[in-house]
Amino acid sequence: MTVEQIAGAGLMVLFLTDIFLTVLYARAGTGLLAPRWNRIVWNSVKILAGLFRRRRSAALSFAGPVIVVALIAFWAIGLTTGAALIIRPELGDAIQPSNGGASTDFVTALLVAGNSLSIVGGGDYSPHTSATRILFLVNSLIGASVLSLVLSYLVQVYSALRERNALALTVDLMTGGTGDAAEILARLGRDGNFSNATSELSNLVRSIALTKEAHHFYPLLFYFRFTEPLYSASRMTFVVLDLTTLIETTLDRQKHGDLVRSAPVGSLQSCARLCSQHLIKISRQWMRNGPTCGLQIL
């Protein structure tokens, strides 16, 4: 193998490792390249959004989808470039076109590499030795595997985003659209009857825990924000924290002691606190400008 081919193999291993850590290992901050690339794209979108001034919030709402597309393109270009570095020295010898003379430039190597990675295949160039046939086979397996992994990853990301939005909308509806935790408390205990409050708070605990873990599994969620304030994850967690504080400080412990000391209230407070701390900490680490994107504080 030449130095160029060794560099190409190393580049492919690097990008495959990044895909593995991002898609399969799925824990925030474990990627090698993806977190840095996402921040670069986010900063670029933020700079462009600043040009819109009054429409800045609307422009930033495109950051999440743009980062998704840019990340897929980043991985595709990285793998194709690595494969091209391996293939280029073989052009005209072990890899030849079906007719005509063989071009040995890097652009042709990129084209052949893209065809070998693509599940569709095609192209005039084909391998003529056992080693290059195995190379093309490995490339096709890598291409098919990465494509299926990325597609399933995107489905999971958007499913988690939908669940986060559903939770935020639920909390907003519980406040009557006011964002006031006192309104939730009043609705939970109409006429002083809190008999159904425990079950409703238990549902909130589970939903918030799922949202917290979703952001830990799929860091891309940090870059999704919406123009509507009610979908802000930070707003939702702070409303829940206010709710647990109100339950502990305003309810009569003699009359509603069972609710105040119940497991759902304690769990809800702990879960909401962990969620808010985790989201803000990670968003500061990733965006370097405080809790922005889906975590904007309004």
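The following paragraphs examine the structure supplied in this document. (Residues numbered from 1 in each chain as written. Predicted model: local features only at pLDDT ≥ 70, side-chain atom pairs only at ≥ 80, totals over all residues. Heavy atoms only, no water.)

## Focus on the packing of aromatic side chains
Then, number 1: Following the criterion strictly, the structure yields seven aromatic pairs and no others.
Then, number 2: On the numbers, 5.1 Å between centres and 55° between planes, the contact of Phe15 with Phe74 is tilted. A residue pair is termed long-range when its members are at least 10 positions apart, and Phe15 in helix α1 (residues 3-25) and Phe74 in helix α4 (residues 63-87) qualify at 59 residues. Like Phe15, the residue Phe74 is buried in the burial classification.
Then, number 3: Among the aromatic residues, ring-to-ring pairing joins Phe15, Trp37 and Phe74 into one connected group. (Phe/Tyr/Trp six-rings, centres within 6.5 Å; stacked < 30°, edge-to-face > 60°. Helix = DSSP H or I, 4+ residues; strand = E, 2+ residues; numbered from the N terminus. Buried < 20%, exposed > 50% of the residue type's maximum accessible area, 1.4 Å probe, protein only.)

## Concerning the packing of α1 against α4
Then, number 1: At a minimum axis separation of 7 Å, α1 and α4 run at an interaxial angle of 155°. Judged by the angle between their axes, α1 and α4 are roughly antiparallel. Where α1 crosses over α4, the two elements pack in a sense that is left-handed.
Then, number 2: Here the contact of α1 with α4 is composed, by residue class, of 14 nonpolar, six polar and two charged. (Axes fitted to C-alpha atoms, helices over the stretch in contact; angles between N-to-C directions. Parallel < 35°, antiparallel > 145°, perpendicular 65-115°, else oblique. Left-handed = near helix turned anticlockwise from the far one by under 90°. Nonpolar A, V, L, I, M, F, W, Y, C, P; charged D, E, K, R; others polar.)

## Some words on the environment of Gln96
Then, number 1: Its place among the elements puts Gln96 in strand β1 (residues 95-97).
Then, number 2: With a relative accessible area of 30%, Gln96 lands in the partly exposed category.
Then, number 3: Put simply, Gln96 and Pro127 are 31 residues apart on the chain and 6.7 Å apart in space, counted from C-alpha to C-alpha.
Then, number 4: Beyond its immediate chain neighbours, meaning those up to four positions away, Gln96 contacts Asp124, Tyr125, Ser126 and His128. (Contact = heavy atoms within 4.5 Å.)

## Some details on the nonpolar core
Then, number 1: Counting 47 residues, the largest nonpolar core has Trp75 and Ile87 as the members making the most contacts within it.
Then, number 2: At the level of secondary structure, the elements contributing two or more residues to this core comprise α1, α2 (34-50), α3 (56-60), α4, α5 (106-117) and α6 (130-174).
Then, number 3: Ranked by residues supplied to this core, first place goes to α4 with 12 residues.
Then, number 4: If we skip the residues at most four places from it in the chain, Ile87 touches Ile95, Val112, Ala113, Ser116, Leu135, Phe136 and Asn139.
Then, number 5: Grouped together as the second largest cluster of nonpolar side chains are 17 residues, Leu167, Ile184, Ala197 and Val240 included. (Core = buried A, V, L, I, M, F, W, Y, C linked by side-chain atoms within 4.5 Å.)

## Side note on the side chain of Asn139
Then, number 1: Tracing the sequence through the fold places Asn139 in helix α6.
Then, number 2: Beyond its immediate chain neighbours, meaning those up to four positions away, Asn139 contacts Met12, Ala83, Ile87, Ser116 and Leu117.

## As for the pattern of salt bridges
Then, number 1: Under the defined criterion, the tally for this structure stands at four salt bridges.
Then, number 2: Of the charged contacts in the structure, one is a salt bridge between Arg88 and Glu4, with a shortest N-O distance of 2.9 Å. With Arg88 in the loop between α4 and β1 and Glu4 in helix α1, the pair connects residues that are 84 residues apart, well separated along the chain.
Then, number 3: You can call Glu4 partly exposed: its relative accessible area is 22%. (Salt bridge = Lys/Arg side-chain N within 4 Å of Asp/Glu carboxyl O.)

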